[in-house]
Every structure is written in C-alpha cells, then in structure tokens.
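Reading the structure
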Amino acid sequence: MQPRNSRLNSSALRGAVDLAAVKAAGEAAQKAEQARAERARQAATAESAGAAPAQSAYQLVIDVTEDTFETEVVQRSTEVPVVIDFWAEWCGPCKQLSPVLEGLVEEYAGRFVLAKIDVDANPLLSQQFGIQGIPAVMAVVAGQLVPLFQGAESAANIRKILDQLILVAEQRFGVAGGAVAPGEATAAAPQRPEDPALSAAHDALDAGDLGGAIQAYRNVLVEQPGNTEAKLGLAQAELLKRIEGLDLQAVRAAAAADPKDVGAQLQAADLDLVGGHVEDAFGRLVTTVGRTAGEDRDTARLRLLELFEVIGPEDPRVVAARTALARVLF
C-alpha cells in the first residue's frame, strides 16, 4: 500500500505496517478459543443426538473460489492457519506438489487446513495475490497473509515451513488448529487479563503518540524483558518514528544514486518495509552488510535485526533473511 503523496506520516502507514497486529493478536486468540469451544459444543451435541461423529471439526482440504474466499479462507483463518495452494490442471509441478500437501494436511491432523485455488478458474484471486508462477503456496493467519514458497518442494522442507507457520500462528495470534473430537471439553480457556501498562502502550501507538508509545513499551520491557507483544510494538513504533517526515521519492533517489550510502539504504529499507515490500527491505540491508565494513556494517546489521522484530522472528521471510545475513557475515 502506497500513500497518495510522497510525504509519509504515521497515520498514512498504519495499515501498511499493520500496527493493529499487536492488538489483533489478543483478539484473534479470543476468537480462536471461542471458535474451538463452539466446535466442541456442536460435536458434543451431535454425539448426544446419535449423529455419526465427525473426524474433525472442519474439512481439511477445501476447493476455494472467488465467491467462497472470504468465508473459507479469511474467516476460517481466525480459527486455524489456512495454507493456500495455487494450481492449474495444465501445471505438471502442481500435480506433484498437491498430493504432498494433501498428505501433510492429514499428517498434521487439523493444525492447518489446505485451500486449493485453481488460478484459471479464479483469475481475480491470482491477480490479487500477485501470483507470477505456479505452484505457489501462501498462508493466511488471523486474516494476515504469510508467503511460504513457490515451486515444488520436498515433504521434508515443507514440514519445516509448516512448523514455522504454526509456531507464528500460535505465539503471535493465538491461532492453533487441531481436530476436535466429540466429547472434548467445551469451556474456552480463561483469558489472561491484559497488562495495564501494555494496554497503555497500545493505546498510545493507536493514537499516533509515537514518543509516548516507545517509552511505554520500554517500561514494559524493563519489567518483562521477554514480552513478545511489547517487543513487537516497540519495533513498530520506532520504525514509524524514523520515517516521520521522510520524502519517499527523495529517499529512493538517494539510495539508488549511491549504494554505498548506508544512511540512505537504511531509510529506503524502512520505507520498503512499511510499503509491504518485506523481502526487498531485508535484501537491501543484507546487500549493504555485504558491501560494507566496520561501523557501517554493524549499523546496517543492527537495523536489519530491528526490522526482523517488526515482522516477527519466526516469520519464514525472517528465517530466510537470517540465513542470507549469516552467509555475508561469515
């Protein structure tokens, strides 16, 4: 998402950076618990009525169309990670990959569901997701897109990617799928009351008080150094503070004119990230680390680590960028 003019500000970037994620995580967790409780209640009701027990609370493999995408993918993603397989009948590699994904969805027993989208029958979805080639595999968790991989992959590699996806879904959004057996307890897990200090930090961020939000998140981390929400919120608030008043065109021109200008590359990477170009931001800084030395290299490396915090350490794009960073450092 790009603003209509080149002058950037925090309010224009609120959607692009997804500042609501720090609050959405808690809301998604509550929705997920409610959905699991409702599924369990329905299963118990069906069992008491003598209906045949379902093997799982939701269908594990779904054919999705443009008409059903909102219900089958976006809404369902608040309950369970939804992995999307973009395929076509004429695509040979797709015919190799699809059975692997379908086998894994059974193996994972409902910890994710597989949505299959025929790109020929659903060109609008293919266009909206920016699909350039198939097979392409993405995921949606709590309504948020997570790119996974393109092309055929081995089952072993896909398992690693799925494990990372499931970890992100559980830790950041409280979205944990799993088949619900009849008779499973129907009570939702008790919700933890939100820390008032963390809530105040979120409110300051939502209000655009970036300085207040930064200080509030730091206060939380003094008392709770391992608080994931506070780390994410702080990283996002600091990012928005850095890009306040930057001119998009001027920054990009400066970065293009002098690849060795570390300051320009840092600003351009920040703008890449808030514009949704996560891989570009990471790639720019990895390249900068590789072509610099001493203090400049350390500055670029530390900024890259800060951007990792904005996206989340378990995100597959962060994992890939960490590997790339290690290659240029060592």
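Residues numbered from 1 in each chain as written. Predicted model: local features only at pLDDT ≥ 70, side-chain atom pairs only at ≥ 80, totals over all residues. Heavy atoms only, no water.

**So, helix α11 (residues 262-274)**
How we decide: We count a stretch as a helix when DSSP gives it H or I for four or more residues in a row; a strand needs E for two or more, and each element gets its number in order from the N terminus. Multiplying 1.5 Å by the helix residue count minus one yields the expected span of that helix. Each residue gets one of three labels from its accessible area relative to the maximum for its type: buried under 20%, exposed over 50%, partly exposed in between, using a 1.4 Å probe on protein chains only. Counted as a polar contact is a pair of N or O atoms within 3.5 Å, where, for protein atoms, one must be capable of donating a hydrogen and the other of accepting one, and residues adjacent in sequence contribute only when both atoms are in side chains.
In this model, α11 (13 residues) spans 19 Å end to end at C-alpha, consistent with the 18 Å of a helix rising 1.5 Å per residue. Summarising burial for α11: 11 of the 13 residues are buried, a large majority. When we look at burial in α11, the residues that qualify are Val262, Ala264, Gln265, Leu266, Ala268, Ala269, Asp270, Leu271, Asp272, Leu273 and Val274. Between the side-chain oxygen at the start of α11 and the backbone nitrogen of glycine 263 there is a gap of 3.2 Å, and the oxygen is on aspartate 261.

**Points about the pattern of salt bridges**
Rules: Any Lys or Arg side-chain nitrogen found within 4 Å of a carboxyl oxygen on Asp or Glu counts as a salt bridge.
Applying the stated rule across the entire model yields 15 salt bridges. We note a salt bridge from glutamate 89 to lysine 95, for which the minimum N-O separation is 3.6 Å. A salt bridge links glutamate 170 to arginine 111; its shortest N-O distance comes to 3.6 Å. Taken together, the residues glutamate 170 in helix α6 (residues 155-173) and arginine 111 in the loop between α4 (92-107) and β3 (113-118) connect sequence positions 59 residues apart. Owing to a relative accessible area of 34%, glutamate 170 belongs among the partly exposed residues under this scheme. Through salt bridges with shared partners, a single network forms among Arg242, Asp270, Arg303 and Glu306.

**What about the packing of aromatic side chains?**
To keep things clear, this is the line we draw: Only centres within 6.5 Å qualify two rings of Phe, Tyr or Trp (six-membered ring in Trp) as a pair; their planes then separate them into stacked at under 30 degrees, edge-to-face at over 60, and tilted for everything else.
Under the defined criterion, the tally for this structure stands at four aromatic pairs. Here the aromatic cluster, defined as three or more aromatic residues joined through ring pairs, consists of Phe69, Phe86 and Phe129.

**Some words on the state of the cysteines**
Operational definition: Note on terminology: pairs of cysteine sulfur atoms within 2.5 Å are recorded as disulfides.
Enumeration according to the criterion identifies one disulfide in this entry. Residue pairing for cysteine 91: its cysteine sulfur links by disulfide to cysteine 94, the two sulfurs lying 2.4 Å apart. Between cysteine 91 and cysteine 94 the sulfur-sulfur dihedral comes to about 80 degrees; the bridge is accordingly right-handed. What makes cysteine 94 buried here is its relative accessible area of 2%.

**Here we look at the sheet that holds β3**
Let me state the cut-off plainly: For two strands to count as paired, DSSP must find a minimum of two bridges between them. Each axis is a line fitted through C-alpha atoms, and for a helix only the stretch in contact is used; angles between axes span 0 to 180 degrees, taken between their N-to-C directions.
Strands sit in the order β1-β3-β2-β4-β5 across an open sheet of five strands; the sheet is mixed. Taken across any chain shown, the strands that pair with only one partner, and hence form the sheet edges, are β1 (61-63) and β5 (144-150). Between one strand and the next, the sheet's axes are offset by a mean angle of 25 degrees, whatever the strand orientation. In this sheet, strand β4 (residues 136-141) lies alongside strand β2 (residues 82-87) in antiparallel orientation, the contact comprising five bridges. When the sheet's bridge partners are listed, valine 83 is paired in β4 with alanine 139.

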